[in-house]
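Architecture and fold: a report
Listed below are the residues making up each chain.
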Amino acid sequence: MTERREWVPLIVAGLTNAVPVAGVVLFGWSLAPLVLVYWFELGVALAFAAVRGLFAPRPPSHPPALLVVGAVRHKRGGISLPWTDRRVQFANVPVVALALVGFGLVWFVAGVIAFAGLEVGGGGTIEDAATTGAGFGMLGAVAGHGVDTVARYFLAGRDERVNVQQALQSAIWPILVVGLALVVCGLVVATGASTILLLAGLVTTKCCFDLAGSYRDRLRAFDERTYLTFGWAFDPPTWNPVDADLDGPVETVRPHRGAVLLDGVIRGWTSDAMTLVAVLAGSGVVLSLLAGDLGPLFVGGVPALALLLLLAVLGAVHDAIRFGWLTYRVGDDGVVGVDRLFGRAQWRVPAWKVERADVERTLADRLVGTETLVVSHDDREIRITNVPDADALVPDRTPDAAAVDATAPDS
């Protein structure tokens, strides 16, 4: 039974690619239906990869310094799917949204270039492709990826060991490589070249990715057995549990929201994107001096000013999401950060680390009169930002004077 199951992915991949090829070779289809089926399947794969990415349970692996996207890098919590134990992870939403916009644009542009080249070279149009049996191949792509996502991903428990970036890789690499093959196919057909070699190259490229996706478990096992690291066996870390219960009386401290927003604006203006602002503004100034006219200054200065404003907004949004809704609960044995926006405890720092934390004063702290504690904990930097008094976050474990007198021996 196991040997038969191992042949199933090979059979599915073969049939998926054999149907459009048979249409071209046996039924006289133009290249357009084949390109349409392959291009449509890339979009379907991206959509289902986005679904898998939303539910990926392990923490994302992108840098937390990225504006807005990095603000939820360490955020816990999500929306549960009814009647299941799966949940949409808040930390995954920005990454999935950027992937859909960025790689969706790549997918769309690849299709436009491919079909434009086919139309010029007589390889058929997208309207011709839609009137053939290409619709069956498109329905098959939706059904195939749907079954793979539900049966071989969620029900098989494969989703439990990936993060959002790994879940998206199953669609990103085919879009880049197969999409490039579609573009090359369209451009070469536009020159009047023979379609046989193009057909073979396109189908071979597509089959390789289908087989790699079908046998990802074997590739993972191969990576684990070898000394070389190909990245197939990478296991992202899991979320560490957070105990929100504190001993003794608990004091609640919240950051100053005005200072949080001001720090966010400064964060946006100190990001790497400020290099582009400087280039635009500097180019406008230099060209205006050389031309003796203010026209180039406006051409370079207006985009620079718009980008400067955008960075300020993005920085403020970043810090508002990351720190604005945090509540710091201080007990005898440590500090717990609770995010009211996401409704969960985000981290816990033991008392002895809080006592050894470094106190910083950012520009916003100096202007508003607040302080920031920086604690290194669990291989990450936890910033307890913009609080009125940093000493209030240090757990007070000094014995009560009355209790000391009551337990003192008689003289």
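Basis of the calculations
- Residues numbered from 1 in each chain as written.
- Predicted model: local features only at pLDDT ≥ 70, side-chain atom pairs only at ≥ 80, totals over all residues.
- Heavy atoms only, no water.
- Salt bridge = Lys/Arg side-chain N within 4 Å of Asp/Glu carboxyl O.
- Helix = DSSP H or I, 4+ residues; strand = E, 2+ residues; numbered from the N terminus.
- Buried < 20%, exposed > 50% of the residue type's maximum accessible area, 1.4 Å probe, protein only.
- Core = buried A, V, L, I, M, F, W, Y, C linked by side-chain atoms within 4.5 Å.
- Contact = heavy atoms within 4.5 Å.
- Pairing = 2+ DSSP bridges.
- Expected span 1.5 Å × (residues − 1).
- Bend = angle between axes of the 7 residues up to and from the residue.
- 1 Å grid on protein atoms, 1.4 Å probe; cavity = no way out; pocket = protein on both sides within 12 Å on 5 of 7 lines; lining within 4 Å.
- Points joined across faces, edges and corners; volume = space filled by probe spheres on them.
- Axes fitted to C-alpha atoms, helices over the stretch in contact; angles between N-to-C directions.
- pLDDT = per-residue confidence, 0-100.
- Nonpolar A, V, L, I, M, F, W, Y, C, P; charged D, E, K, R; others polar.

**Looking at the pattern of salt bridges**
Here the structure, examined in full by the defined rule, presents five salt bridges. Across the pair Asp-319 and Arg-267 runs a salt bridge, and its minimum N-O distance is 2.6 Å. Taken together, the residues span a long stretch of sequence, with Asp-319 in helix α11 (residues 295-324) and Arg-267 in helix α9 (residues 257-269) at a distance of 52 residues. Classification of Arg-267 by relative accessible area gives partly exposed; the value is 24%.

**A few points about the nonpolar core**
Of all hydrophobic cores here, the largest spans 32 residues; its most connected members are Val-35, Tyr-38, Phe-115, Leu-118, Leu-168, Leu-182 and Leu-202. When contributions to this core are tallied by element, the ones reaching two or more residues are α2 (31-55), α3 (93-121), α6 (164-190) and α7 (195-214). Here this core takes 13 residues from α2, the largest share from any one element. Excluding anything up to four places from it in sequence, Leu-182 contacts Val-35, Tyr-38, Trp-39, Leu-42, Ala-114 and Leu-202. Formed by 18 residues, the second largest nonpolar core is a distinct cluster that contains Tyr-328, Val-335, Trp-347 and Leu-393.

**With respect to the pairing of strand β4 (residues 326-331)**
Counting buried residues along β4, five of its six residues qualify, which places the element largely inside the surrounding structure. The sheet contact formed by β4 and strand β5 (residues 334-339) spans six bridges and is antiparallel. Each bridged residue has a counterpart across the sheet, and for Thr-327 the counterpart in β5 is Val-338. The loop that links β4 with its antiparallel partner β5 comprises two residues.

**Some details on α6**
Between its terminal C-alpha atoms α6 stretches 39 Å, which fits the 39 Å expected from 27 residues at 1.5 Å a residue. Within α6, the axis deviates most sharply at Ser-170, by approximately 40°, and proline Pro-174 lies no more than four positions further along.

**Notes on the layout of surface pockets**
Put simply, the second largest pocket is a space of about 430 Å³. Along the walls of the second largest pocket sit 24 residues, with His-74, Thr-238, Asn-240, Asp-378 and Arg-380 positioned nearest its centre. Looking at the lining of the second largest pocket, the elements with two or more residues in it are β6 (344-350) and β9 (380-387).

**Topic: the sheet that holds strand β8 (residues 371-377)**
Taken in spatial order, the three strands of this open sheet run β7-β8-β9, and their pairing is antiparallel. Because the sheet does not close on itself, it has two edges, and the strands there are β7 (358-360) and β9. This sheet shows a mean twist of 25° between the axes of neighbouring strands, independent of strand direction. Pairing of β8 with β9, which is carried by six bridges, proceeds in the antiparallel orientation. Bridge pairing in β9 places Val-375 opposite Ile-382.

**Digging into the confidence of the model for the protein**
With 74% of its residues at a pLDDT of 70 or more, the protein has an overall mean of 77. Across the protein, α9 holds the top mean pLDDT of 91, while helix α14 (residues 401-407) sits lowest at 36. Taken as a whole, residues 1-6 scores under 50 in pLDDT and shows two contacts with residues more than four places along the chain or in a different chain. Every residue in residues 221-232 is under pLDDT 50, and counting partners more than four places away or in other chains gives eleven contacts.

**Here's the deal with empty space enclosed by the protein**
Counted under the stated rule, the structure contains one cavity of 30 Å³ or more. One number sums up the size of the largest cavity: a volume of about 160 Å³. Around the largest cavity, the lining is made up of 14 residues, and of these His-74, Lys-75, Arg-322, Trp-347 and Arg-380 lie nearest the centre. The set of elements that each furnish at least two residues to the lining of the largest cavity consists of α11, β6 and β9. Tallied by class, the residues present in the lining of the largest cavity amount to six nonpolar, three polar and five charged.

**Here we look at the environment of Val-88**
Note that Val-88 resides in strand β2 (residues 87-89). Separated by 34 residues in sequence, Val-88 and Leu-54 have C-alpha atoms that sit 5.2 Å apart. Not counting residues within four places of it along the chain, the set of residues in contact with Val-88 comprises Leu-54, Phe-55, Gly-77, Gly-78, Ile-79 and Val-93.

**Here's the deal with the sheet that holds β4**
The antiparallel open sheet is built from four strands, whose spatial order is β3-β4-β5-β6. Two strands in the sheet have a free side with no partner beyond their single neighbour: β3 (251-253) and β6. Along the sheet, successive strands turn relative to each other by an average axial angle of 25°, direction set aside. Pairing between β5 and β6: six bridges, direction antiparallel. Following the sheet pairing, Gly-334 is matched in β6 by Pro-350.

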